[in-house]
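Chain by chain, the residues:
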Protein chains: 2
Amino acid sequence: MRQPEHRGTPATRKEARLLLLKDTVERNGSIHIRDAAELLDVSEMTIRRDMREAPETFQFLGGHIVLSQEAQRRAPYELAQAAELNEAAKRAACAACVPLLMPEETLFVDCGTTLPHLIDLIPDDMELTIICYALNIADMVVRKPNLQLVLLGGVYHAPTASFYPAQDDATLDAYAINHAFMSAAGVEESLGVTCTTFREAGLKQTAMARAQNRILVADQSKFGVVNPASFARLSDFDRIATEAGLQPAPAD
Amino acid sequence: MRQPEHRGTPATRKEARLLLLKDTVERNGSIHIRDAAELLDVSEMTIRRDMREAPETFQFLGGHIVLSQEAQRRAPYELAQAAELNEAAKRAACAACVPLLMPEETLFVDCGTTLPHLIDLIPDDMELTIICYALNIADMVVRKPNLQLVLLGGVYHAPTASFYPAQDDATLDAYAINHAFMSAAGVEESLGVTCTTFREAGLKQTAMARAQNRILVADQSKFGVVNPASFARLSDFDRIATEAGLQPAPAD
DNA sequence: TCAATTTTGTTATTTTTATAACATCTGTTG
DNA sequence: CAACAGATGTTATAAAAATAACAAAATTGA
């Protein structure tokens, strides 16, 4: 029987090895299987077997362990916790949003690990303007030539890979937003939609206030969860996107 | 005798191959030497020999060609022209600036291909706040844990990898800047210090106005060059850093 | 055009990496 | 504690990659 996982304490030896390896590879770019084996004090064969079970993180280039392409892209912005949880559900929720988009529109895209999927899913021939404040989102937008990027600046906050304005912010006044795609750390019937910090909440509220159309994008794992900073009620949204698809928000 | 280089026309066959390879590798993450040989219709041996002469761009990982670590970092922000020109001079000019820095100070760091070297040269144990508006600078700052990052946001401009404010900007008002490290496309005695766009010039002027100490960082290749947008006279600076070291700016 | 130089290709050889098969160890469960 | 499953190590073998040495071709400059 597997032990329940304590945070930060890898459940198995293998996971501990993978964690340490990832760290090393991120720092050095690559490590040779021979050195990895020595570093972890196991045989090369074990390293090879470990690799086989983490193809989404590592790739194997002739004896050298390298970060996989996707891992490379997001390495600098790897968000503090649970980046890879519920990937499929998050992606499905984003996919449900795509039909809402029309060419030439302007989108506000919230921070977190859900909405990068939306950027990824935007068709390559649809020209859009993306307003965001998270570095991981901006980084994805930069790589798609059909998207114009607007990044709201400020002081960088590593745990969310986001920028928060130093003073109360009027930057958004210059833009007209068609759709605001919002993410959340928690969604709860009576306490509303919540995130972890009050600064973030303020920015989210500003964005929602300036948008024609507000869409909450959250997979089912967020429902029933409460976080300290509340930024909206469910009825403030026009639509809610989950892995089950797009639904109208409940009236208050 | 080598032909003079025409822009965009690689002088030698080898350079043409390297260019195409770089492009392919950037897109796909890696390419196997076998496929590269087929793609370019030369032997594997030739590919190997090419690689040996471009170790700063490529690394060879057991039969696979991969971007070198530095090349990986700057790939998405590779600036339109001449990123790798005068690297040594640029770095030397930045090195001359390091002694000016004191712990806990706040720096404004301009865009371009010169000042990334400054970020790189900051000692790892010196805590500083970096204010910038270029994505390539921000990306380097994020990777150094001793530096706090402030990014001035706005609309992204790919050729300079920078953000420019949508309206005239008050964002900088919130910060006190100890040193403003400025780069330039041209420096000329009577016409002053110039850059390519007027938007950029405006931002530079704002930053200089709010700084205690203004340092122009420019290698000798910039002197005598003139660009459309003038943002300062030489006498507006406190110091000028070139590959020859740090000098006081001339009085007007 | 011709000789000199550089670039490229080929082959043989050595070294390194990958895989498979089996042996050994470790920890868990009843 | 014995039996089992899972993880790890070892060895042998196959496959792939790196290198060196030399041959052939292409370029260059007189």
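Residues numbered from 1 in each chain as written. Chains lettered and ligands numbered in written order. Predicted model: local features only at pLDDT ≥ 70, side-chain atom pairs only at ≥ 80, totals over all residues.

### With respect to the protein's contact with DNA strand C
Working step 1: Within the structure, DNA strand C sits among 15 residues, and Gly63 of chain A together with Val42, Ser43, Met45 and Thr46 of chain B are positioned closest to it.
Working step 2: Those elements giving two or more residues to the surface near DNA strand C turn out to be helix H2 (33–40) and helix H3 (44–52) of chain A together with helix H1 (13–28) and helix H3 (44–52) of chain B.
Working step 3: The residue inventory of the surface near DNA strand C, partitioned by class, reads 6 nonpolar, 5 polar and 4 charged. (Near = placed C-beta within 6 Å. Helix = DSSP H or I, 4+ residues; strand = E, 2+ residues; numbered from the N terminus. Nonpolar A, V, L, I, M, F, W, Y, C, P; charged D, E, K, R; others polar.)

### A short note on the relation of the copies chain A and chain B
Working step 1: Relative to chain B, chain A is turned by 180° and slid 0.3 Å along the rotation axis, the superposed coordinates differing by an RMSD of 0.4 Å. When the rotation and shift are considered jointly, the pair of chain copies conforms to a two-fold rotation axis.
Working step 2: Residue by residue, 100% of the interface of chain A is reproduced at the interface of chain B, so both copies engage with the same surface. (Least-squares fit on C-alpha atoms with pLDDT ≥ 70 in both. Contact = placed C-beta atoms within 7 Å.)

### Points about the sheet that holds strand E2 (residues 58–61) of chain B
Residues and elements named next belong to chain B.
Working step 1: A sheet is described by the order of its strands in space; here 3 strands give the open sequence E1-E3-E2, paired in antiparallel fashion. With one partner strand each, in any of the chains shown, strand E1 (30–32) and E2 form the two edges of the open sheet. Taking the axes of each pair of neighbouring strands and ignoring which way they run, one obtains an average angle of 30° across the sheet.
Working step 2: Bridge analysis of E2 against strand E3 (residues 64–67) gives 4 bridges, and the strand direction is antiparallel. If you follow Leu61 over to E3, its bridge partner there is His64.
Working step 3: Packed on one face of the sheet, helix H2 (residues 33–40) meets E1 and E3 and runs near 80° to E1. (Pairing = 2+ DSSP bridges. Axes fitted to C-alpha atoms, helices over the stretch in contact; angles between N-to-C directions.)

### Comments concerning the confidence of the model for chain A
The predicted coordinates ought not to be read in detail in places where the model reports low pLDDT.
Working step 1: Overall, the prediction assigns chain A a mean pLDDT of 86, with 88% of residues at 70 or greater.
Working step 2: Per-residue pLDDT stays below 50 along residues 1–9 of chain A; that stretch engages in 3 contacts with residues further than four places along the chain or on separate chains. (pLDDT = per-residue confidence, 0-100.)

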